[in-house]
Amino acid sequence: LHSDHGLNMPGFYSGFEMEQFWIEKNTPFLYIILPKKDKKLEKLKINLKNNENSLVTALDINNTFKSLAGASSEYFNDEGSSLFYPILNKNERTCGKFRIKSEDCRCKIKD
């Protein structure tokens, strides 16, 4: 797994209220390399592709780590979903539901 800065990006753009700063601030990057020998590889790839560009929170990442550790879904937190399973309620996943401040919500278009 590899991720990028997301919400804590300091630097040049932060002082100028530029669009690139807001894109970087609200859209972190997560990169996952799957082992080629995994028997469930094709299903995992389909689920990850399905979940691409969904609103994802730390609650989802927490469940994904639990999934990697071999825990069953009964041990997942109730608010998130593992990224290795299909996210079925995409329309219900809003910043308000996950208590994300409006200024940090990637769903909101910055004026």
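Note that this is a predicted model, so its numbers are computed, not measured. (Residues numbered from 1 in each chain as written. Predicted model: local features only at pLDDT ≥ 70, side-chain atom pairs only at ≥ 80, totals over all residues. Heavy atoms only, no water.)

Draft legend 1. Representation of the side chain of Asp60 in the model. With respect to the element layout, Asp60 can be found in helix 3 (residues 58-68). Asp60 sits in the buried class, given a relative accessible area of 0%. Once residues lying within four places of it in the same chain are set aside, the contact partners of Asp60 are Leu55, Gly80, Ser81, Ser82, Leu83 and Arg93. (Helix = DSSP H or I, 4+ residues; strand = E, 2+ residues; numbered from the N terminus. Buried < 20%, exposed > 50% of the residue type's maximum accessible area, 1.4 Å probe, protein only. Contact = heavy atoms within 4.5 Å.)

Draft legend 2. Structural context of unusual backbone geometry. Despite not being glycine, Asn53 shows a phi value in the positive range, around 65 degrees. By the element assignment, Asn53 lies in the loop between helix 2 (41-51) and helix 3. According to the relative accessible area criterion, Asn53 is exposed, its value standing at 66%. For Arg99, which is not glycine, the phi dihedral falls at a positive 55 degrees. For Arg99, a relative accessible area of 62% corresponds to the exposed category.

Draft legend 3. Structural context of helix 3. Listed as buried for helix 3 are Asp60, Asn63, Thr64 and Ser67. Angular distribution of buried residues about the axis of helix 3 spans 105 degrees; they occupy a single face of the element. In helix 3, the exposed positions that point more than 90 degrees away from the buried face belong to Ala58 and Leu68. Sitting at the head of helix 3, Thr57 places a side-chain oxygen 3.1 Å from the backbone nitrogen of Leu59. Two residues or fewer past helix 3, Gly70 is found with a positive phi of approximately 95 degrees. (Arc of directions from axis to C-beta. Polar contact = N/O pair within 3.5 Å; in protein donor to acceptor, adjacent residues only side chain to side chain.)

Draft legend 4. The arrangement of the layout of surface pockets in detail. Taken as a whole, the second largest pocket spans an internal volume of roughly 360 Å³. Considering the residues around the second largest pocket, the lining is formed by 17 residues, among which Asp38, Lys40, Leu44, Ser67 and Phe84 are closest to the centre. For the lining of the second largest pocket, the secondary structure elements donating two or more residues are helix 2 and helix 3. The greatest single-element share of the lining of the second largest pocket, amounting to three residues, is contributed by helix 2. Per-class residue counts for the lining of the second largest pocket are 11 nonpolar, three polar and three charged. (1 Å grid on protein atoms, 1.4 Å probe; cavity = no way out; pocket = protein on both sides within 12 Å on 5 of 7 lines; lining within 4 Å. Points joined across faces, edges and corners; volume = space filled by probe spheres on them. Nonpolar A, V, L, I, M, F, W, Y, C, P; charged D, E, K, R; others polar.)

Draft legend 5. Up close: the environment of Leu44. Relative to the helices and strands, Leu44 resides in helix 2. Along the chain, Leu44 and Phe84 lie 40 residues apart, while their C-alpha atoms are 5.6 Å from each other. Not counting residues within four places of it along the chain, the set of residues in contact with Leu44 comprises Leu34, Asp38 and Phe84.

Draft legend 6. Just the confidence of the model for the protein, in detail. Here the protein shows a mean pLDDT of 78. Residues at 70 or above account for 70%. The least confident element of the protein is strand 1 (residues 2-3), whose mean pLDDT is 55; the most confident is helix 3, at 90. (pLDDT = per-residue confidence, 0-100.)

Draft legend 7. Layout of the pattern of salt bridges. Considering all chains together, one arrives at four salt bridges under this definition. For Arg93, the salt bridge identified is with Asp60, shortest N-O distance 2.4 Å. Here the residue Arg93 occupies a position in the segment after helix 3, and Asp60 occupies one in helix 3, the gap between them amounting to 33 residues. For the salt bridge of Arg99 with Glu79, the shortest nitrogen-to-oxygen distance reads 3.4 Å. Taken as a pair, Arg99 in the segment after helix 3 and Glu79 in the segment after helix 3 lie far apart in primary sequence, 20 residues in all. (Salt bridge = Lys/Arg side-chain N within 4 Å of Asp/Glu carboxyl O.)

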